[in-house]
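So you can see what is in the structure, the chains are spelled out below.
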Amino acid sequence: MLRLRGWLRGKQRPLPSTAAYALWAANYPPHAHNPLMELEQRAVSALLPPVTGALVLDLAGGTGRYGLLAQEQGAARIITLDNSPDMLERNPLTGRVCATTEALPLADASIDVIVCGLALGHLPALGASICEIGRVLRPHGVALISDVHPFVALNGAERTFTGTDGRAYAVEHHVHLYEDYGRAAAAAGLRIDAVSEPRYGQSPVVIVYRMIKL
């Protein structure tokens with residue numbers, strides 16, 4: 001049985017992500033707060049290029065975890081975009097925008113580095129979001145996209161949290177395989193440059209893709 005905090009086997013009825021984060025936002029800190037997120041953040045950080053002087057997009061950034069890390073590393077400007085106003089209200093950074101990953105309110109070829117942490121699994125399809133990432137990245141720009149490893153969800157685990165009402169909830173999650181990411185990246189003019197699959201015990205629990213704009 002998977003024993004990572006925040007991922008449990010069960011029969012929870014998953015909430016749409018927007019409804020889930022409205023309930024979760026008050027208890028959602030701007031840092032990695034469970035073992036899965038700690039593994040994911042180490043893997044993302046290992047693949048992240050230098051961001052000193054860069055324009056960084058923290059995509060689906062919520063309370064600002066990766067935006068704050070980019071700030072610490074000397075990014076010139078950080079934009080945090082998320083579709084949850086409740087999460088953005090708790091984000092300490094300026095440059096917050098409420099929008100979806102499928103329709104970024106940004107100019108073509110305007111961003112140096114994008115980090116999208118554990119978010120695209122909430123969507124039933126990747127294509128529109130990956131195309132938008134490819135559109136706004138500058139040539140040779142880098143996108144780091146993490147997702148829960150398909151093995152985790154295919155084995156019946158759910159992402160769960162406790163709301164301010166003390167009840168346990170599950171968040172909707174859709175399984176996207178490596179092939180799905182590869183196909184979406186190619187269609188968006190991106191190349192998967194590196195992949196990391198950190199393990200918890202013997203099992204990979206997270207997958208991180210580094211994509212380069214061609």
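Here is a short report on the structure shown in this document. Please read all numbers here as calculations on a predicted model, not as lab measurements. (Residues numbered from 1 in each chain as written. Predicted model: local features only at pLDDT ≥ 70, side-chain atom pairs only at ≥ 80, totals over all residues. Heavy atoms only, no water.)

1. So, the pairing of strand 7 (residues 137–148)
Regular strands have side chains that alternate between both faces of the sheet.
Thinking step 1. Of all twelve residues that make up strand 7, nine are buried, and the element is covered over most of its length.
Thinking step 2. Two elements, strand 6 (residues 111–116) and strand 7, share five bridges in a ladder whose sense is parallel. Directly across from V115, in strand 7, lies its bridge partner L144.
Thinking step 3. Summarising the sheet, strand 7 and strand 13 (residues 206–213) pair through seven bridges and their orientation is antiparallel. In the sheet register, V148 faces strand 13, and the bridge partner there is V206. (Buried < 20%, exposed > 50% of the residue type's maximum accessible area, 1.4 Å probe, protein only. Helix = DSSP H or I, 4+ residues; strand = E, 2+ residues; numbered from the N terminus. Pairing = 2+ DSSP bridges.)

2. Remarks on the pattern of salt bridges
Thinking step 1. All told, the structure shown has nine salt bridges when counted by the stated rule.
Thinking step 2. The shortest N-O distance in the salt bridge between R65 and E40 comes to 2.8 Å. Here R65, found in helix 3 (residues 65–72), pairs with E40, found in helix 2 (residues 35–47); they are 25 residues apart in sequence, far enough to count as distant.
Thinking step 3. The partner of R191 in a salt bridge is D193, with the nearest N and O atoms 3.5 Å apart.
Thinking step 4. According to the relative accessible area criterion, R191 is partly exposed, its value standing at 42%. (Salt bridge = Lys/Arg side-chain N within 4 Å of Asp/Glu carboxyl O.)

3. Side note on helix 2
Thinking step 1. The end-to-end C-alpha distance of helix 2, which contains 13 residues, comes to 19 Å, matching closely the 18 Å that a straight helix rising 1.5 Å per residue would cover.
Thinking step 2. For helix 2, every residue scored as buried is listed here: L36, M37, L39, E40, Q41, A43, V44 and L47.
Thinking step 3. For helix 2, the N-terminal capping position is held by N34, with its side-chain oxygen 3.2 Å away from the main-chain nitrogen of L36. (Expected span 1.5 Å × (residues − 1). Polar contact = N/O pair within 3.5 Å; in protein donor to acceptor, adjacent residues only side chain to side chain.)

4. Regarding the nonpolar core
Thinking step 1. Judged by nonpolar contacts, the single largest core of 40 residues is most densely connected at V56 and V208.
Thinking step 2. Sorting the residues of this core by element identifies helix 1 (17–24), helix 2, helix 3, strand 6, strand 7, strand 8 (157–162), strand 9 (168–171) and strand 13 as the ones contributing at least two each.
Thinking step 3. Looking at this core element by element, the count peaks at six residues for helix 2.
Thinking step 4. Dropping the residues within four chain positions of it, V56 is found in contact with V51, A70, A75, R77, I78, I79 and V113. (Core = buried A, V, L, I, M, F, W, Y, C linked by side-chain atoms within 4.5 Å. Contact = heavy atoms within 4.5 Å.)

5. Some words on the packing of aromatic side chains
Thinking step 1. All chains considered together, the criterion is met by seven aromatic pairs.
Thinking step 2. A ring pair is formed by Y21 and Y28, whose centres lie 6.1 Å apart and whose planes are at 65°; its orientation type is edge-to-face. Pair check on accessibility: Y21 and Y28 agree, each one buried.
Thinking step 3. Taking the centre distance of 4.3 Å and the plane angle of 25° together, the rings of Y181 and Y209 count as stacked. Here Y181, found in helix 7 (residues 178–187), pairs with Y209, found in strand 13; they are 28 residues apart in sequence, far enough to count as distant. (Phe/Tyr/Trp six-rings, centres within 6.5 Å; stacked < 30°, edge-to-face > 60°.)

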